[in-house]
Amino acid sequence: VQLQASGGGLVQPGGSLRLSCAASGQTFSNYNMGWFRQAPGKEREFVAGISWSGDSTWYADSVKGRFTVSRDNAKSTVYLQMNSLKPEDTAVYYCAAGPRYSAFPRIYEYWGQGTQVTVSS
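Positions within a chain are numbered from 1, following the residues in the order the chain's sequence is written. Note on the predicted model: pLDDT of at least 70 is required for a residue's local features to be given, and 80 or more for side-chain atom pairs to be given and counted; whole-chain, interface and lining totals, by contrast, use all residues. Where side-chain values are given, they derive from all heavy atoms of the structure, hydrogens and water being excluded.

Peer 1: Account for the overall build of the protein, naming residues and giving values.
Peer 2: For helices the rule is a DSSP run of H or I covering at least 4 residues; for strands it is a run of E covering at least 2, with both sets numbered from the N terminus onward. Each helix and strand counted, the protein has zero helices and eleven strands in total. Ordering the α and β elements of the protein from the N terminus gives β-β-β-β-β-β-β-β-β-β-β. To get the radius of gyration, use the C-alpha atoms; to get the globule rule, take the number of residues to the power 0.38 and multiply by 2.2 Å. Whereas a compact globule of 121 residues would reach a radius of gyration of roughly 14 Å, the protein reaches 13 Å, a difference of no more than 12%. Each principal axis of the C-alpha distribution contributes one length, and for the protein these read about 40 × 25 × 25 Å. Working definition: with a 1.4 Å probe on protein chains only, accessible area under 20% of the residue-type maximum means buried, over 50% means exposed, and in between means partly exposed. Taken over 121 residues, the protein has a buried fraction of 44%. The contact rule is simple, with two residues in contact once any of their heavy atoms fall within 4.5 Å. A separation of at least 24 residues holds for 54% of the contacts in the protein among residues at least 6 apart in sequence. Summed over all atoms, the accessible surface of the protein reaches about 6,100 Å², with 46% contributed by carbon and sulfur. Each accessible area value is a Shrake-Rupley result obtained with a 1.4 Å probe; residue values ignore everything except the protein chains displayed when judging cover.

Peer 1: Give me the lowdown on the sheet that holds strand S8 (residues 77-82), citing residues and values where you can.
Peer 2: Each strand in a sheet pairs with another by means of backbone hydrogen bonds, the pair being arranged parallel or else antiparallel. At least two bridges found by DSSP between two strands are what make those strands a pair. The sheet built from four strands is open, its strands ordered S1-S3-S8-S7 with antiparallel pairing. Looking along the sheet, the strands with just one partner apiece sit at the ends: strand S1 (2-6) and strand S7 (67-72). Across this sheet, the average inter-strand angle for adjacent strands is 15°, counted without regard to direction. Alignment of S7 against S8, held across six bridges, turns out to be antiparallel. Bridge assignment links Arg-71 to a residue of S8, and that residue is Val-78. Every angle, taken between N-to-C directions, lies between 0 and 180 degrees, and every axis is a line fitted to C-alpha atoms, over only the stretch in contact when it is a helix.

Peer 1: Talk me through the pairing of strand S5 (residues 45-50); I want residue IDs and the actual numbers.
Peer 2: Counting buried positions along S5 yields five of six residues, so the element is predominantly enclosed. Of the strand pairs in this sheet, strand S4 (residues 32-38) and S5 are connected by five bridges, and their pairing is antiparallel. Bridge pairing links Arg-37 to Glu-45 in S5. Linkage of S4 to S5, two consecutive antiparallel strands, is achieved through a turn of six residues, within which Gly-41 is found at a positive phi near 80°. Where S5 meets strand S6 (residues 57-59), three bridges bridge the pair, whose relative direction is antiparallel. Across the sheet, Ile-50 pairs through a bridge with Thr-57, a residue of S6. Linkage of S5 to S6, two consecutive antiparallel strands, is achieved through a turn of six residues, within which Gly-54 is found at a positive phi near 90°.

Peer 1: Residues and numbers for the nonpolar core, please.
Peer 2: In terms of nonpolar packing, the biggest core is built from 35 residues, with Met-33, Trp-35, Leu-80, Met-82 and Tyr-93 touching the most fellow members. Of all the secondary-structure elements, those providing two or more residues to this core are S1, strand S3 (17-24), S4, S5, S7, S8, strand S9 (91-98) and strand S11 (115-119). If you tally residues by element for this core, the top one is S9, at five residues. In plain words, nonpolar cores are sets of buried Ala, Val, Leu, Ile, Met, Phe, Trp, Tyr and Cys residues tied together by side-chain atoms within 4.5 Å.

Peer 1: Hey, could you go over the environment of Met-33 for me, with residue numbers and the actual values?
Peer 2: For Met-33, the location among the structural elements is in strand S4. For the pair Met-33 and Val-69, spaced 36 residues apart in sequence, the C-alpha separation works out to 9.4 Å. Every residue in contact with Met-33, bar those within four places of it in the chain, is listed here: Leu-3, Cys-21, Phe-28, Ala-48, Gly-49, Ile-50, Arg-71, Val-78, Ala-96, Ala-97 and Tyr-108.

Peer 1: Residue-level account of the state of the cysteines, with values.
Peer 2: The bond known as a disulfide is covalent and runs between the sulfur atoms of two cysteines. Note on terminology: pairs of cysteine sulfur atoms within 2.5 Å are recorded as disulfides. The final tally for this structure, using the stated rule, is one disulfide. A sulfur-sulfur separation of 2.0 Å characterises the disulfide bridge that pairs Cys-21 with Cys-95. Here the S-S torsion is close to 65°, and the disulfide linking Cys-21 with Cys-95 is therefore right-handed. Pair noted here: Cys-21 is in strand S3 and Cys-95 is in strand S9, with a separation of 74 residues, a long-range link. You'll find Cys-21 and Cys-95 in the same group, each marked buried.

Written out as structure tokens, the structure is:
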């Protein structure tokens, strides 16, 4: 599976962005999908995950209630809607595909290239 993340940018605190991750290659609906982020000098951390069917979602406590993950299997795309953004959300955001849900990056087999999100006034 090849993954291409997009939608990052510069946004003011309190603003919104929607990230997209388009997949190609193998059957997208076979995979659970995750979003991770990595800020400078920090380890990559789990943000959100979604099951292959879209029926189940999971969120890090730090983004719960502000971020929403969704997927469109017909378009082979997963989304991350980010609202009420804070400066501490600044990071490179990565999408990943794996055989099952996990908050641990090592479980995921395929990774996108990352898209920068900067929250600043």
